[in-house]
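Per-entry structural report
Now for the letters of each chain:
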2 protein chains.
Amino acid sequence: MRVYLAGPEVFLPDSEDIGARKIEICRRHGLTGVYPGDTTLDLSGLAPRAAGQRIYGCNRDLMRGCDAVIANMTPFRGPSMDVGTAFELGYLAALGRPVLGYSNSARSFPQRILAHFGLDPVPGGGDPPARDPLGLAIENFDMVDNLMLDGAILDAGFEVVTRQVDDPAQIYRDLTGFEACARRLATPRT
Amino acid sequence: MRVYLAGPEVFLPDSEDIGARKIEICRRHGLTGVYPGDTTLDLSGLAPRAAGQRIYGCNRDLMRGCDAVIANMTPFRGPSMDVGTAFELGYLAALGRPVLGYSNSARSFPQRILAHFGLDPVPGGGDPPARDPLGLAIENFDMVDNLMLDGAILDAGFEVVTRQVDDPAQIYRDLTGFEACARRLATPRT
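One structure accompanies this document, and this report is about it. In this convention, every chain numbers its residues from 1, walking through the sequence in written order. Chains carry letters and ligands carry numbers; both start at the beginning, A for chains and 1 for ligands, and go up in the order they are written. It should be noted that, the model being predicted, local features are given only for residues of pLDDT at least 70 and side-chain atom pairs only at 80 or more, the latter also being counted only at that level, while totals for whole chains, interfaces and linings use all residues. No hydrogens and no water enter the side-chain calculation; it runs on all heavy atoms of the structure.

A look at the overall build of chain A
Condition: For helices the rule is a DSSP run of H or I covering at least 4 residues; for strands it is a run of E covering at least 2, with both sets numbered from the N terminus onward. C-alpha atoms define the radius of gyration in this analysis, and the globule rule sets the expected value at 2.2 Å times the number of residues to the power 0.38. Type-normalised accessible area, obtained with a 1.4 Å probe on protein chains alone, sets the label of each residue: buried when under 20%, exposed when over 50%, and partly exposed for intermediate values.
What chain A contains, in helices and strands, is 6 helices and 5 strands. When the helices and strands of chain A are placed in sequence order, the string is β-α-β-α-β-α-β-α-α-β-α. In summary, chain A has a C-alpha radius of gyration of 17 Å against a globular reference of 16 Å for 190 residues, a match within 12%. The principal-axis extent of the C-alpha atoms belonging to chain A is close to 50 × 50 × 35 Å. Across the 190 residues of chain A, 53% fall into the buried class.

Listed below in C-alpha cells is the structure:
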C-alpha cells in the first residue's frame, strides 16, 4: 500500500530528513511512504508561477498513484492546518482512498481560534462564544479542525490522532502521531 | 452546469443571504449555484461530532453532484484561505471538474505571511525572506496561496481572481470576484 505523506514539514529546511523518517516508519509497518519532496524536478529556466505549477503537477501525479494519505494536521500559521495539506486530504478523499491525520496540538479548535484573536481561553468545561470578533462562527463539533477535514477522516473509519507537543522545535517534527496513523492503517479492518 | 459555492461566508450570520446572492449571480450567467448552507438537515439529538459528520456527508454529496466549483479563497484567520474550502477545491479537482477561485485580498502571499508574524512588508520590488521566524519556507511562486491551490486552478485552465476589499464588513461579502469567476466559467472555451 502506497501512502501519500502530506504535511507542512515540506517547508522545513530538514524536510528531506523528516520525509526519510516517515518513509522508514511506513516500511516498519509494511507500507510504502511517498513523500512529496522526494522527487527531483528540473525547474531551471521556469518563471516562478510555471515552477509552482510544475510542482503541483508532480504532487498531483504522486497522489493519484497512492492508495491512502496520512496528513499532518498540526496548526500552521493560524488556528487551522496547512491549506495545501487540506487540499490533498480532499483530493484523496474524493478518490475514495483511506484518509488519516494527526495533529501535534491537543488544544481544542475553539480554544485555538480564541488564541488566534488574542482572547483568553474559556475555563475548563465552559462553552466557547458562538462567534469570533469578526462575527464568523466558531465551529464547536468536538472536532480537531474544520468539519470537512475531520468529517472525511471519520467517514473513512478513522479518527484524528492528537497529542500535545510543546517544544517549538518538534511541533512539525514529532512523528509519534504519524506512527500511530501508520500502525492503524496497517492494521487489518475487522 | 451545477456549481458548488465554496467559501468561509458559511460562517457569517447572513450566510443564507450571501448564498442567495451567489445563486442569483449564477442564474444570470446560466449556471446553477449549489450553496452548502442551503439544505435543511435534521441534527436534533445528535452529539456534536455526529452532527458535524452528518454535515460533512451532506456537503460531500452536494460536491459529487456538481460539475464545477468556485471557491472563496480570501484569507481566513491567518495568511491563507479557509481549510474547509481548500479541502473542497481538492475534492472537486480530484474528480476532474473545473475549479475556480477568487480572493478579496490583492496583497501577495509572502506579504500576508510577514504580516501574520507582525513583520514589516518588504518594500516594493524586493524579495521576501526565504523563511518565516519559525524556519518554514515562505512560498514565493507569484501565486495567491499555497501552490496546490493555485496549481489546481491553473491546471484547470483558469486563474485566481483577486481584488483588494478594504472594508472589513465586505471582506467575505463582496461578490465582484465571484461574479468574474461565474462569467469566466460560463464563457465557452475556445
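Here's the deal with the sheet that holds strand 1 (residues 2-6) of chain B
All names here are of chain B. To keep things clear, this is the line we draw: Paired strands, as defined in this entry, are two strands with at least two bridges between them according to DSSP. Contacts are residue-level and defined by heavy atoms, with any inter-residue pair within 4.5 Å sufficient. To define axes, lines are fitted to C-alpha atoms, for helices over the stretch in contact only, and angles between the resulting N-to-C directions are given on a 0 to 180 degree scale.
Strands sit in the order 2-1-3-4-5 across an open sheet of 5 strands; the sheet is parallel. What marks the edges here is a single partner per strand, and that holds for strand 2 (32-34) and strand 5 (161-162). Pairing of strand 1 with strand 3 (residues 68-72) involves 4 bridges; the strand directions are parallel. Residue pairing for strand 3: A6 is matched across the bridge by A71. Relative to the sheet, helix 1 (residues 15-28) contacts strand 1, strand 2, strand 3 and strand 4 (99-103), its axis offset from that of strand 1 by approximately 150°.

Focus on the relation of the copies chain A and chain B
Counted only if it meets this: Least squares is the method for superposing the copies, and the C-alpha atoms it fits come from residues with pLDDT of at least 70 in both.
Its rotation angle being 180°, the transformation that places chain A on chain B also includes 0.0 Å of axial translation and leaves an RMSD of 0.0 Å. Taken together, the rotation and translation relating the two chain copies correspond to the operation of a two-fold axis. Most of the interface of chain A is mirrored in chain B, where 100% of its interface residues again form contacts.

Overview of the pairing of strand 1 (residues 2-6) of chain A
Residue and element names in this part refer to chain A. Where we set the bar: Seen with its strands pointing away from the viewer, a crossover is right-handed when the path leading from the first strand over the helix to the second is clockwise.
Among the 5 residues of strand 1, 4 are classified as buried, and the element is accordingly described as predominantly covered. Where strand 1 and strand 2 (residues 32-34) come together, 3 bridges link them in parallel fashion. If you follow Y4 over to strand 2, its bridge partner there is V34. Running through helix 1 (residues 15-28), the crossover from strand 1 to the neighbouring parallel element strand 2 is right-handed.

Brief notes about the interface of chain A and chain B
Operational definition: Summed over both partners, buried area is the accessible surface (1.4 Å probe) that two parts give up on being assembled. Polar contacts here mean pairs of N or O atoms no more than 3.5 Å apart (in protein, one a potential hydrogen donor and the other a potential acceptor; neighbouring residues in sequence count only if both atoms are side-chain atoms).
At the interface, 58 residues of chain A touch 58 residues of chain B. Buried area between chain A and chain B, summed over both chains or domains, comes out near 4,800 Å², and the portion from carbon and sulfur atoms is 66%. Taken together, the connections running from chain A to chain B amount to 18 residue pairs in polar contact (both at pLDDT 80 or more). For the side of chain A that touches chain B, the elements supplying multiple residues, two or more each, are helix 2 (48-64), helix 3 (83-94), helix 4 (109-116) and helix 5 (147-155) of chain A. At 11 residues, the largest contribution of residues to the side of chain A that touches chain B is made by helix 2 of chain A.

What about the side chain of B:N59?
On the secondary structure map, B:N59 appears in helix 2 (residues 48-64). The class of B:N59 is buried, set by a relative accessible area of 7%. In contact with B:N59, not counting residues within four places along its chain, are A:M148, B:Y4, B:P36 and B:E88.

Observations regarding the environment of A:Y102
All names here are of chain A. Mapped onto the fold, Y102 is located in strand 4 (residues 99-103). Spatially, the C-alpha atoms of Y102 and T162 are 5.6 Å apart, while their sequence positions differ by 60 residues. For Y102, the side chain forms a polar contact with the side chain of N72, separated by 3.5 Å.

Some thoughts on the packing of helix 3 of chain A against helix 3 (residues 83-94) of chain B
We apply this condition: An angle counts as roughly parallel when it lies under 35 degrees, as roughly antiparallel when it exceeds 145, as roughly perpendicular when it falls between 65 and 115, and as oblique in every other case. The sense of a crossing depends on the near helix, which, turned anticlockwise from the far helix by less than a right angle, makes the crossing left-handed and, turned clockwise, makes it right-handed.
It is at 6 Å that the axes of helix 3 of chain A and helix 3 of chain B come closest, and there the two elements cross at 40°. The pairing of helix 3 of chain A with helix 3 of chain B is recorded here as oblique in orientation. Along this stretch, helix 3 of chain A crosses helix 3 of chain B, giving a crossing that reads as right-handed. Contacts between helix 3 of chain A and helix 3 of chain B involve A:V83, A:A86, A:F87, A:L89, A:G90, A:Y91, A:A93 and A:A94 from the former and B:V83, B:A86, B:F87, B:L89, B:G90, B:Y91, B:A93 and B:A94 from the latter.

What about the environment of B:D42?
Positionally, B:D42 belongs in the loop between strand 2 and helix 2. Here the side chain of B:D42 touches B:S44 through a polar contact of 2.6 Å, side chain to side chain.

A closer look at helix 4 (residues 109-116) of chain B
For helix 4 of chain B, the full list of buried residues reads B:F109, B:P110, B:R112, B:I113 and B:L114. Note on helix 4 of chain B: the residue one or two positions beyond its end, B:G118, has a positive phi of about 75°.

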